[in-house]
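Here are the chains, one letter per residue:
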Amino acid sequence: MILTVTTTILRDRGTDDEREVEVEVEVEYTPGRPGRLSGPPEDCYPAEPGEVRALSAEAEDGLPVDLAALDEDELLQLCEDAAGDNDDDEDRDDDDDDDDRAWED
């Protein structure tokens, strides 16, 4: 799937002065797949991480952006957040709160 995510980069201004610049990056994103570690061995498989590849980038200051300089791990995290692929952790936290209240009664 093709997504557009926004990140920031440090732009060297030719001196020791660097500033953050907002960049819109168009990426090709392939979601990961969770592994299955229970059940019969023939039904188990390892997790597969997501993949991201920057296709283009446009900085707010209009200067060119080197795609190789973009942090792929950060782009992957932004894509997972945008696609809703990181909801598992939040749901678990909410469920734990409900369980605690049930024991208090």
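Here is what the cut-offs are and how they apply
Residues numbered from 1 in each chain as written. Predicted model: local features only at pLDDT ≥ 70, side-chain atom pairs only at ≥ 80, totals over all residues. Heavy atoms only, no water. Patch = residues over 30% accessible without salt bridge, like charges linked within 9 Å, V, L, I, M, F, W, Y side chains within 5 Å. Areas by Shrake-Rupley, 256 points an atom, 1.4 Å probe, with all protein chains shown as cover. Salt bridge = Lys/Arg side-chain N within 4 Å of Asp/Glu carboxyl O. Lys, Arg positive; Asp, Glu negative; His and termini not counted. Charge placed at Lys NZ, Arg CZ, Asp CG, Glu CD. Helix = DSSP H or I, 4+ residues; strand = E, 2+ residues; numbered from the N terminus. Buried < 20%, exposed > 50% of the residue type's maximum accessible area, 1.4 Å probe, protein only. Phe/Tyr/Trp six-rings, centres within 6.5 Å; stacked < 30°, edge-to-face > 60°. Lys NZ or Arg CZ within 6 Å of the ring centre and 35° of its normal. pLDDT = per-residue confidence, 0-100. Contact = heavy atoms within 4.5 Å.

### A look at a negative patch on the surface
Logical step 1: Judged by side-chain charge, Glu22, Glu24, Glu58 and Glu60 come together as a negatively charged surface patch.
Logical step 2: Relative to the helices and strands, Glu22 is located in strand β2 (residues 18-30).
Logical step 3: For Glu22, a relative accessible area of 42% puts it in the partly exposed group.

### Quick look at the packing of aromatic side chains
What describes a pair of aromatic rings is the distance from one ring centre to the other and the angle between the planes of the rings.
Logical step 1: What the rule picks out here adds up to 0 aromatic pairs.
Logical step 2: A cation over a ring is seen here: Arg33 above Tyr45, with NZ or CZ 4.2 Å from the ring centre.

### Focus: the confidence of the model for the protein chain
Logical step 1: Confidence in the prediction of the protein chain, expressed as mean pLDDT, is 77, and 74% of residues score 70 or more.
Logical step 2: Within the protein chain, helix α2 (residues 87-104) has the poorest average pLDDT of any element, 45, and strand β3 (residues 51-59) the best, 89.
Logical step 3: Counted against residues more than four places away or in other chains, residues 89-105, with its pLDDT under 50, gives 0 contacts.

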